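Summary of structural features
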Amino acid sequence: MTFSAPTPSSARTPGFRRGRRVSDLMTPDHHAFVESSLAAERAGDAASALDYHRGVPMFRRSGHGVVLEQLADLADEMAPWIWARWAAYQCTRVEDTGTASAAAGRVSLRHTVAMFHGDDMARAYESGGDPMRVIARVSGQSWVFHQICTFELGGLESFLEEMPTARLAEECGLAREWVGAQVGGYRVESSPPGTLVVRDLATKEAVELLDLGAAVHADEGGWLIGRLVPSGTTPGLMFDTRPLAVDRRTASAAARGQRRGQWVVALHDALRDGRVDPAVLCSEDRELVTDVAGLRLLERGTPPAALASAHAALADGRDEIGRAAYRILRGAVEGTFGDDDAAYVAAAVVHPRGYAEARRQLRRPEHRPAWEHWAGLVPDPARGRLRRLAELSGTAAA
């Protein structure tokens with residue numbers, strides 16, 4: 001499959017547009033807050049971006065706010081790969097008229113909806129529903145859209161040329177190395193706790209990756225498609241974002257593809273044939289600092305009997321994921337989690353509320369060996385936080 005290269009003028013041509021019906025309720029002050037939040041993000045200032053974002057009442061429970069909260073909490077602990085992921089995430093949200101970045105987003109959205117969400121659009125029209133809701137969901141949640149926009153149609157490259165300022169501009173070196181990376185097919189191999197080894201189905205080689213928890217998405221077969229990029233640390237490669245679980249045939253087809261975007265055809269065929277569940281394409285969780293989605297953290301850190309009520313409370317706006325993160329950290333020092341759960345412990349300790357609660361309550365002398373043990377199994381910034389918990393354990397004051 002080939003894609004048309006976007007130009008700035010294509011952003012102004014008729015086609016799909018990312019609608020924001022909430023904008024009808026926004027005042028001029030709200031729009032000014034949105035612009036200020038975008039400017040702060042493009043400057044690499046997550047804390048200021050979060051403050052402005054929260055200044056718009058309609059956004060206070062948004063998924064984007066969760067992303068900004070995580071980044072703001074890690075402001076002094078940002079690894080190079082987090083800066084790169086943040087830039088890649090931002091490039092999918094550009095709507096500035098007349099820019100190549102916005103053009104890439106619009107063309108990518110058109111391709112994604114046409115190939116993967118046509119039935120959703122048809123149902124919306126037939127039932128009298130709002131097709132803009134489908135478009136908003138795809139642009140915000142679709143793994144395919146993010147991949148096509150960021151890489152296949154040059155959204156990341158355009159963003160890096162047009163948008164970053166201040167600190168973000170200084171930290172974009174690794175993101176520039178990501179431009180040109182291609183999707184491949186992989187299988188998760190058995191590996192020691194705290195490491196991630198995948199088999200590249202094209203080269204047949206085993207590759208050790210930075211372990212951010214991608215393996216939790218693989219089914220029993222371990223088949224994945226994803227894009228390997230430089231990590232800026234050791235191990236030297238990682239997935240640009242969490243990979244997609246697929247069947248063996250799809251992973252193999254993506255691995256064999258020589259043309260850019262061949263994975264799109266492989267995934268489209270798998271969905272048409274019923275070999276891949278369409279539900280995996282969209283997720284409300286867009287994690288940047290871990291590959292363990294928030295809902296996975298909730299499921300792992302909540303007793304089975306309480307899971308239904310936790311989901312209901314989450315829907316009502318309670319921070320059940322933060323509570324689950326703390327329970328995982330508590331279980332990590334109490335010995336109820338094994339080394340195979342290292343990815344969950346790492347995700348829990350980079351969760352703002354989970355970490356804050358652990359700093360308050362899990363710092364007794366007997367906790368120190370456990371924190372040191374877990375720190376040896378995970379990468380930064382989780383490693384640094386676990387070491388800090390070890391240092392705090394047994395001290396008189398934080």
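About the cut-offs
- Residues numbered from 1 in each chain as written.
- Predicted model: local features only at pLDDT ≥ 70, side-chain atom pairs only at ≥ 80, totals over all residues.
- Heavy atoms only, no water.
- Helix = DSSP H or I, 4+ residues; strand = E, 2+ residues; numbered from the N terminus.
- Rg over C-alpha atoms; globule rule 2.2 N^0.38 Å.
- Buried < 20%, exposed > 50% of the residue type's maximum accessible area, 1.4 Å probe, protein only.
- Areas by Shrake-Rupley, 256 points an atom, 1.4 Å probe, with all protein chains shown as cover.
- Lys, Arg positive; Asp, Glu negative; His and termini not counted.
- Charge placed at Lys NZ, Arg CZ, Asp CG, Glu CD.
- Patch = residues over 30% accessible without salt bridge, like charges linked within 9 Å, V, L, I, M, F, W, Y side chains within 5 Å.
- Salt bridge = Lys/Arg side-chain N within 4 Å of Asp/Glu carboxyl O.
- Pairing = 2+ DSSP bridges.
- Core = buried A, V, L, I, M, F, W, Y, C linked by side-chain atoms within 4.5 Å.
- Contact = heavy atoms within 4.5 Å.
- Phe/Tyr/Trp six-rings, centres within 6.5 Å; stacked < 30°, edge-to-face > 60°.
- Axes fitted to C-alpha atoms, helices over the stretch in contact; angles between N-to-C directions.
- Parallel < 35°, antiparallel > 145°, perpendicular 65-115°, else oblique.
- Nonpolar A, V, L, I, M, F, W, Y, C, P; charged D, E, K, R; others polar.
- pLDDT = per-residue confidence, 0-100.
- 1 Å grid on protein atoms, 1.4 Å probe; cavity = no way out; pocket = protein on both sides within 12 Å on 5 of 7 lines; lining within 4 Å.
- Points joined across faces, edges and corners; volume = space filled by probe spheres on them.
- Left-handed = near helix turned anticlockwise from the far one by under 90°.

Attention now goes to the overall build of the chain. For the chain, the count of helices and strands is 20 helices and 6 strands. Since a compact globule built from 398 residues should have a radius of gyration of about 21 Å, the 21 Å found for the chain is in line with a globular shape. When the backbone C-alpha atoms are referred to their principal axes, the chain occupies close to 65 × 55 × 45 Å. A burial count over the chain gives 53% of its 398 residues as buried. Accessible surface, the chain: about 17600 Å² in total, of which carbon and sulfur atoms supply 48%. Counting 47 positive and 52 negative side-chain charges, the chain places the centres of these two groups 2 Å from one another.

A cluster of basic residues, R187, K204, R248 and R256, forms a positive patch on the protein surface. Secondary-structure assignment places K204 in the loop between strand 2 (196-200) and strand 3 (206-209). K204 gets classed as exposed once you look at its relative accessible area, which sits at 56%.

Below, the discussion takes up the pairing of strand 3. Because side chains alternate across strand 3, one face comprises the buried residues V207 and L209, and the other comprises A206 and E208, none of which is buried. Pairing between strand 2 and strand 3: 4 bridges, direction antiparallel. Bridging from a neighbouring strand, L196 pairs with L209 of strand 3. Joining the antiparallel neighbours strand 2 and strand 3 is a turn of 5 residues, in which K204 adopts a positive phi near 70°.

Once that is clear, we can look at the nonpolar core. Of all hydrophobic cores here, the largest spans 70 residues; its most connected members are L71, L297, W374 and L386. For this core, the element with the highest residue contribution is helix 4 (residues 80-91), accounting for 9 residues. Not counting residues within four places of it along the chain, the set of residues in contact with L386 comprises V345, V349, W371, W374, A375 and V378. Grouped together as the second largest cluster of nonpolar side chains are 22 residues, W143, V183, I225 and L281 included.

Turning next to the packing of aromatic side chains. Going through the model one piece at a time under the given rule, you end up with 4 aromatic pairs. With 5.6 Å between their ring centres and 80° between their planes, W143 and W263 make a pair best called edge-to-face. Pair noted here: W143 is in helix 8 (residues 143-152) and W263 is in helix 13 (residues 262-273), with a separation of 120 residues, a long-range link.

As a further point, take the packing of helix 16 (residues 320-334) against helix 19 (residues 368-375). Between helix 16 and helix 19, whose axes approach to 8 Å, the crossing angle comes to 110°. Looking at the two axes, helix 16 sits roughly perpendicular to helix 19. The residues of helix 19 that touch helix 16, namely those facing L329, A332 and V333, are A370, W371 and W374. Looking at the contact of helix 16 with helix 19, its residues break down into 6 nonpolar, no polar and no charged.

Confidence in the prediction of the chain, expressed as mean pLDDT, is 89, and 92% of residues score 70 or more. Averaged over each element, pLDDT in the chain is lowest for helix 6 (residues 118-126) (80) and highest for helix 11 (residues 173-178) (98). When the criterion is pLDDT under 50, residues 4-20 qualifies, and its contacts beyond four places in sequence or with other chains add up to 49 contacts.

This next bit is on the layout of surface pockets. Reported here for the second largest pocket is a volume of approximately 480 Å³. Elements with a minimum of two residues in the lining of the second largest pocket: helix 7 (131-141), helix 8, strand 6 (244-245) and helix 14 (294-300).

When you tally the buried positions in helix 8, you get 10 out of 10 residues, the bulk of the element. Every buried residue of helix 8 is accounted for by W143, V144, F145, H146, Q147, I148, C149, T150, F151 and E152. G154, located one to two residues past helix 8, shows a positive phi value of around 75°.

Attention now moves to the pattern of salt bridges. A full pass over the atoms with the stated rule returns 24 salt bridges. Across the pair R123 and D120 runs a salt bridge whose closest N-O atoms are separated by 2.4 Å. Here the residue R123 and the residue D120 both occupy positions in helix 6, the gap between them amounting to 3 residues, near one helical turn. Across the pair R368 and E372 runs a salt bridge, and its minimum N-O distance is 3.1 Å. Taken as a pair, R368 and E372 lie in helix 19 at a separation of 4 residues, close to a single helical turn. Within this structure, D247, D269, R272, D273 and R275 form a network of salt bridges that share partners.

Another point: the packing of helix 16 against helix 17 (residues 342-349). Running from amino to carboxyl end, helix 16 crosses helix 17 at an angle of 125°, the nearest separation of the two axes being 8 Å. Judged by the angle between their axes, helix 16 and helix 17 are oblique. Handedness of the helix 16/helix 17 crossing: left-handed. Contacts between helix 16 and helix 17 involve A325, I328, L329 and A332 on the former and, on the latter, Y344, V345, A348 and V349. For the contact of helix 16 with helix 17, the class distribution of residues is 8 nonpolar, no polar and no charged.

Checked against the element boundaries, M238 lands in strand 5 (residues 237-239). For the pair M238 and V207, spaced 31 residues apart in sequence, the C-alpha to C-alpha distance is 9.8 Å. If near-sequence neighbours (up to four positions away) are discounted, M238 is found in contact with W81, R85, W178, L209, L210, L212, R227, L228, V229, P230 and S231.

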